[in-house]
Amino acid sequence: DAGITQSPRHKVTETGTPVTLRCHQTENHRYMYWYRQDPGHGLRLIHYSYGVKDTDKGEVSDGYSVSRSKTEDFLLTLESATSSQTSVYFCAISVPAGKPSYEQYFGPGTRLTVT
Amino acid sequence: GENVEQHPSTLSVQEGDSAVIKCTYSDSASNYFPWYKQELGKGPQLIIDIRSNVGEKKDQRIAVTLNKTAKHFSLHITETQPEDSAVYFCAASLRSNDYKLSFGAGTTVTVRA
């Protein structure tokens, strides 16, 4: 599992409430990512981080923010949850696989339902 | 940005037969192409990958081929077994682009006993 944990694993929340999902890695890898998975869309990148306090947007970043104050933790926040944000959220890390290559590994996911 | 298309969306094969999944990508600068297997309720698992300086790579019953000219790559599973039933995703990445992955929409593979 590449030492990635996500919390919570399941969450039900109401429209308009803020929600924070946590991703934790046991090693100090530089790159971390948040994806969402929806039927028919595969996985789409929301935000990613290339170091502590260094983050950038992905293709579906509207309505989401991220923070990375420690190497091992990457937080995803839904400022005001909407029903369209009902999804399964996956955290990933890029792990060196022989210079200059990396491989990307995924956490177990968080299923979020916005009612 | 990169656009990855994956076909077919569903694939049913008899146990012991081969399965082939095909993906095309749009950005000729992409240079890394991983394949993931996802079982129900779990995160995607990296099963094989190929880089743009290689045309084919094998690992036991799975193989991946890459045609850079045509911008497509394929996953081949031989001698399929029931445990191969899962959703498979292809992806493409630019190493120079912080290793971000663009995914295909996925293929649901069912192996019939």
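Structural data are supplied above this passage.
About the thresholds
- Residues numbered from 1 in each chain as written.
- Chains lettered and ligands numbered in written order.
- Predicted model: local features only at pLDDT ≥ 70, side-chain atom pairs only at ≥ 80, totals over all residues.
- Heavy atoms only, no water.
- Helix = DSSP H or I, 4+ residues; strand = E, 2+ residues; numbered from the N terminus.
- Rg over C-alpha atoms; globule rule 2.2 N^0.38 Å.
- Buried < 20%, exposed > 50% of the residue type's maximum accessible area, 1.4 Å probe, protein only.
- Contact = heavy atoms within 4.5 Å.
- Buried area = accessible area lost by both parts, 1.4 Å probe.
- Salt bridge = Lys/Arg side-chain N within 4 Å of Asp/Glu carboxyl O.
- Polar contact = N/O pair within 3.5 Å; in protein donor to acceptor, adjacent residues only side chain to side chain.
- Pairing = 2+ DSSP bridges.
- Axes fitted to C-alpha atoms, helices over the stretch in contact; angles between N-to-C directions.

Participant: Outline the overall build of chain B, listing residues and values.
Facilitator: When its secondary structure is counted, chain B shows zero helices and eleven strands. Computed over its C-alpha atoms, the radius of gyration of chain B comes to 14 Å, within 12% of the 13 Å expected for a compact globule of 113 residues. When the backbone C-alpha atoms are referred to their principal axes, chain B occupies close to 45 × 30 × 20 Å. Across the 113 residues that make up chain B, the buried fraction comes to 46%. Long-range pairs, those at least 24 residues apart, make up 53% of the contacts in chain B with a sequence separation of at least 6.

Participant: Help me get a handle on the interface of chain B and chain A, residues and values and all.
Facilitator: Where the parts come together, the accessible area they lose is often given as the size of the interface. With 19 residues of chain B at the contact, the number on the chain A side is 24 residues. Between chain B and chain A lies a buried interface of about 1700 Å² when both sides are counted; carbon and sulfur atoms form 55% of it. The interface formed by chain B and chain A includes zero salt bridges. Inspection of the chain B/chain A interface yields three residue pairs in polar contact (both at pLDDT 80 or more).

Participant: Could you give an account of the sheet that holds strand β1 (residues 4–7) of chain B, naming the residues involved and the relevant values?
Facilitator: Within a sheet, adjacent strands bond to each other through the backbone by hydrogen bonds, running parallel or antiparallel. Residue and element names in this part refer to chain B. The strand order across the open sheet formed by five strands is β1-β3-β8-β7-β6, and the pairing between neighbours is antiparallel. If you trace the sheet from one side to the other, it starts and ends with β1 and β6 (56–59), each paired once. If you compare each strand with its neighbour and ignore which way they point, the axes differ by 15 degrees on average. Pairing of strand β7 (residues 62–67) with strand β8 (residues 72–77) involves six bridges; the strand directions are antiparallel. Looking at the pairing, Val64 lines up with Leu75 of β8.

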